[in-house]
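Structure assessment
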Amino acid sequence: MLGMAQPTRNSARALSRLESQKTHLKSICLQYQLYLLLNSHFFCLLKNERGLIIFFLCAYVPKTAAGHCKWAEVLKDLEQIKTSKDIDVSLYTADTDEDTECQEPVIRCFFLETKVILQECLIKKCTKTQDVLNIWKNGNASLETNKLNSTTPAKCKECEEYEEKNFTEFIQSFVKVIQKECKH
């Protein structure tokens, strides 16, 4: 087909992120309009049914916007790389059923091992290098922004104490841990 370019996965992901930003912007606009309405006629509005409905909508809208998992982009990129045939490494793979206290060190371990995958991709010029870089950057940004516990409980393992597994098993475990974290 001449003249029709197929969108790349990166452009599809960028479009998805843009749609998410538009939704967030619409939510902010709605909140602002409701704020103006309530601010100017607050007491009058609470005297009737419609005013009460608007008031409860204002209280509800921020909760829906805040329900987004901070690891959503990482999950999308993990889905992109999980079928890669050109990544062949053994990685320390944390257990997916670790104690809740050890959840942060487990996540840190997965992101540390992502750095190993990134180095391997840079050497071998993998087709999924950008996706791996995205995982590493998004993970580190989330961990730094949230400044999760800086001390590791004594009962938690260090990365090197976990069993080394192949790339496929590592990604499957990584996805499970991130999905578990998103449910909290």
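Residues numbered from 1 in each chain as written. Predicted model: local features only at pLDDT ≥ 70, side-chain atom pairs only at ≥ 80, totals over all residues. Heavy atoms only, no water.

When pLDDT is averaged across the protein, the result is 75; 58% of the residues are at 70 or more. Ranking the elements of the protein by mean pLDDT puts helix 2 (residues 49-66) last with 55 and strand 2 (residues 164-166) first with 94. Across residues 61-66, confidence stays below pLDDT 50; counting only partners more than four residues off in sequence or on other chains, it has six contacts. (pLDDT = per-residue confidence, 0-100. Helix = DSSP H or I, 4+ residues; strand = E, 2+ residues; numbered from the N terminus. Contact = heavy atoms within 4.5 Å.)

Inspection of the secondary structure puts Lys 82 in the loop between helix 3 (72-81) and strand 1 (90-92). If we ignore the near neighbours within four places in the chain, the residues touching Lys 82 are Phe 167 and Ile 171. One polar contact links Lys 82 to Glu 79, side chain to side chain, over a distance of 2.9 Å. (Polar contact = N/O pair within 3.5 Å; in protein donor to acceptor, adjacent residues only side chain to side chain.)

Once that is clear, we can look at unusual backbone geometry. Backbone geometry places Lys 125, a non-glycine residue, at a positive phi of 55 degrees. Residue class for Lys 125 comes out exposed when judged on its relative accessible area of 69%. (Buried < 20%, exposed > 50% of the residue type's maximum accessible area, 1.4 Å probe, protein only.)

A word on the environment of Gln 119. The residue Gln 119 is located in helix 4 (residues 103-124) in this model. For the pair Gln 119 and Thr 129, spaced ten residues apart in sequence, the C-alpha to C-alpha distance is 9.1 Å.

The next thing to look at is the packing of aromatic side chains. All told, the structure shown has five aromatic pairs when counted by the stated rule. By the ring-pair criterion, three or more aromatic residues cluster together here, those being Trp 71, Phe 110, Phe 111, Phe 170 and Phe 174. (Phe/Tyr/Trp six-rings, centres within 6.5 Å; stacked < 30°, edge-to-face > 60°.)

Now for the state of the cysteines. Applying the stated criterion to the full structure yields two disulfides. Each sulfur of the disulfide joining Cys 102 and Cys 156 lies 2.0 Å from the other. The sign of the -90 degrees torsion about the S-S bond sets the Cys 102-Cys 156 disulfide as left-handed. With a gap of 54 residues between them, Cys 102 in the loop between strand 1 and helix 4 and Cys 156 in the loop between helix 5 (129-146) and strand 2 connect regions that are remote in the sequence. Overall, the relative accessible area of 1% leaves Cys 102 in the buried class. (Disulfide = S-S within 2.5 Å.)

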